[in-house]
Amino acid sequence: MKIIDVPPSILHLLGMANKESITAWGQPQSLDQSLPPVKPLTQAMLPAELWPWVSDIAYRVQCPIDYVAAAALVMLGSVIGAGCAIRPKQKDNWMEIPNVWGAVVGPPGSKKSPAVTQVMAPLFQLDRDAQQQYGTARLQYTIDLDHYKSALEQYKKQIKGPQGQASSHPGPAPTEPVCKRHYTNDCTFEALSNILAGNPRGCLVNHDELTSLLAGFERSGREGERQGYLTAWNGLQGHRVDRVGRGAIYIPRLAVSILGGIQPDKLEEFLSNTQNSFGNDGFMQRLQLMVYPDPITITSVVDETPDHQARKVVFDIVDHLATRIETLQPRQDQSDDIPYFRFAESVQPAFNHWLLTNEQRVPTEDSPLMAEHLAKFKKLVPALALIDHLVGLASGRIPRGQSVQADSLQRAIAYSDYLETHARRVYGLSANRKGRAAILLGKRGSNQL
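All figures in this text were calculated on a predicted structure; none of them were measured in a lab.

## A short note on the nonpolar core
Nonpolar side chains in soluble globular proteins tend to be buried together.
Link 1 in the chain: Judged by nonpolar contacts, the single largest core of 116 residues is most densely connected at Trp53, Tyr229, Phe283, Leu321, Leu390 and Tyr415.
Link 2 in the chain: In terms of residue count, the dominant contributor to this core is helix H4 (residues 65-80) (13 residues).
Link 3 in the chain: For leucine 321, the residues in contact, after removing those within four places along its chain, are Leu76, Val79, Ile80, Arg201, Leu328, Leu390 and Ala394.
Link 4 in the chain: With eight residues, the next largest nonpolar core counts Met95, Ala255, Ile338 and Tyr340 among its residues.

Take a look at the structure:
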């Protein structure tokens, strides 16, 4: 007995008209959960001085070495900032600074935060030194200001006296010292603007979870921050902030580096928004040092003394780049205040070949997100070559004043090839989103049967 008569056409659509239509669906296929493979990090991709320190941290933290290496390069790039640039052509004034952005991607428990914290140690030391120097300068400023005020009062009394004359004006007031800042963990863009106003070389924004930074852009009253960060990726432009009641702030160079960790599922949400035309402003593609390595298998507990010599080498390099970068003898033009290096003339053809090849393959890329990501390699590769070169100069491996050599370019290209595979894995998160959702739905359904 039928409760309701279903038209044959509907039964046919539902695959219920006959046995042939039931079997026409075929056998169900398993959903592919795999992500694209990534290249392994090798010693040939990093400056020689970094490898012992990076590998020691990764071994003791028991995390993928990819996290440590990417964080180290972002940290070094932030220290250099607008203090030194590279002009990738022999005559042109095209200039890039190495304020690169990076993200370490992995599930909870993959040791993202411990890896980044270890790498940040040189900046922590610079910050402590800067705070001590600021304290001393602040004390001297207070003393000088008291003397100035006393001299100014004496001058005013002499002017108002019966003679109406004074020996001389005490001159301008002493300049208030500014504390050097190398990083911040959490701030509004207005607060960051205040930091940058006194630190023209730039600053590193280090977020334990990049999700908090990305979500902050959507909060009421902070809608303009995202655009501010996009501008700060270039790092070469001056910037003015004018606010009623707060006055005007002038930033000589709006240069910001970004570093932080993010979980794949959180990143997937932002990538989904990025795929929409209204949400794709290029922010995600600016995270050029974005690594999503395979998990490592932990079979034992590591409890060993850090490699103090490797640590000292890197700390000395960072200190040199932060405080005495001019001693590395970069070129200086009267028309621009940023010193710079160029590729050696013998190296220029190799860079030109890489640049032309990259420019030609961008339009042929199937994924719009990946195409935009690769287009930004135009800044990434010269920036990595400059970081490598400056590390070599600061350590004494490269003679001071020498142009960027072939080995620095080769390492930069090799690392960018490696980063490309990680970017394809990251963007693959969005491509596989529906499949993973179907798998999750199937698991929930089976649990309720």
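## Observations concerning the side chain of lysine 379
Link 1 in the chain: Examined against the element boundaries, lysine 379 turns out to sit in helix H14 (residues 377-395).
Link 2 in the chain: It turns out lysine 379 is buried and unbridged, and the closest side chain with the opposite charge, glutamate 96, is 4.6 Å from it.

## Let's talk about unusual backbone geometry
Link 1 in the chain: Here the phi dihedral of glutamine 62 falls at roughly 65°; this positive angle occurs in a residue that is not glycine.
Link 2 in the chain: Tracing the chain through its elements places glutamine 62 in the loop between helix H3 (51-61) and H4.
Link 3 in the chain: When its relative accessible area of 17% is taken as the criterion, glutamine 62 is described as buried.

## Things to note about the packing of helix H5 (residues 112-119) against helix H6 (residues 121-160)
For any two helices packed against each other, the geometry is given by the interaxial angle and the distance between the axes.
Link 1 in the chain: At a minimum axis separation of 4 Å, H5 and H6 run at an interaxial angle of 45°. Classed by the angle they form, the pair H5 and H6 counts as oblique. Taking contact as the criterion, the partners of Thr117, Gln118 and Val119 in H5 are, on H6, Ala121, Pro122 and Phe124.
Link 2 in the chain: When grouped by side-chain class, the residues that make up the contact of H5 with H6 number four nonpolar, two polar and no charged.

## As for the sheet that holds strand E4 (residues 203-209)
Link 1 in the chain: One open sheet holds the five strands; their spatial order is E3-E4-E7-E2-E8, and the pairing between them is parallel. Since the sheet does not close on itself, it has two edges, and those belong to strand E3 (183-184) and strand E8 (289-291), each with one partner.
Link 2 in the chain: By the bridge criterion, six bridges tie E4 to strand E7 (residues 256-262) in an arrangement that is parallel. Residue asparagine 206 lies in a different strand from E7, and its bridge partner there is leucine 259.

## What to know about the packing of aromatic side chains
Link 1 in the chain: Scanning the model with the defined rule gives nine aromatic pairs in all.
Link 2 in the chain: Ring plane angle 65° and centroid distance 5.3 Å describe the contact between phenylalanine 189 and tyrosine 229, whose orientation is recorded as edge-to-face. Placement of phenylalanine 189 in helix H7 (residues 189-197) and of tyrosine 229 in helix H9 (residues 225-234) is noted, with a sequence separation of 40 residues between them. As far as burial versus exposure is concerned, phenylalanine 189 and tyrosine 229 are alike and both buried.
Link 3 in the chain: An aromatic cluster is present here, built from Trp101, Phe189, Phe217, Tyr229 and Phe283 joined pairwise through their rings.

Cut-offs applied
Note on numbering: residues in each chain are counted from 1, in written sequence order. Totals for whole chains, interfaces and linings use every residue, but because this is a predicted model, local features are given only for residues with pLDDT of at least 70 and side-chain atom pairs only at 80 or more, for both listing and counting. Side-chain calculation: all heavy atoms of the structure are included, whereas hydrogens and water are not. Joining through side-chain atoms within 4.5 Å is the link that ties buried Ala, Val, Leu, Ile, Met, Phe, Trp, Tyr and Cys residues into a set, and such a set is a nonpolar core. Only protein chains enter the area calculation, which uses a 1.4 Å probe; residues under 20% of their type maximum are buried, those over 50% are exposed, and those in between are partly exposed. In this text, helices come from DSSP runs of H or I with a minimum length of four residues, and strands from runs of E with a minimum of two, each type numbered from the N-terminal end. By definition in these notes, contact holds between two residues if any of their heavy atoms fall within 4.5 Å. Asp and Glu count as negative and Lys and Arg as positive, but His and the ends of the chain are not part of the count. Note on definitions: salt bridges are taken to be side-chain nitrogens of Lys or Arg within 4 Å of carboxyl oxygens of Asp or Glu. Interaxial angles span 0 to 180 degrees and are taken between N-to-C directions of axes, which are lines fitted to C-alpha atoms, for helices over the stretch in contact. Here the word oblique covers every angle except those under 35 degrees (roughly parallel), over 145 (roughly antiparallel) and from 65 to 115 (roughly perpendicular). For this classification, Asp, Glu, Lys and Arg are treated as charged, while Ala, Val, Leu, Ile, Met, Phe, Trp, Tyr, Cys and Pro are nonpolar and the rest, including Gly, are polar. Should DSSP find at least two bridges between two strands, the strands are taken to pair. Between the rings of Phe, Tyr and Trp (Trp by its six-membered ring), a pair exists once the centres lie within 6.5 Å; its type follows the angle of the planes, with under 30 degrees stacked, over 60 edge-to-face, and the other angles tilted.

Function cannot be inferred from these measures alone, as they are strictly geometric.
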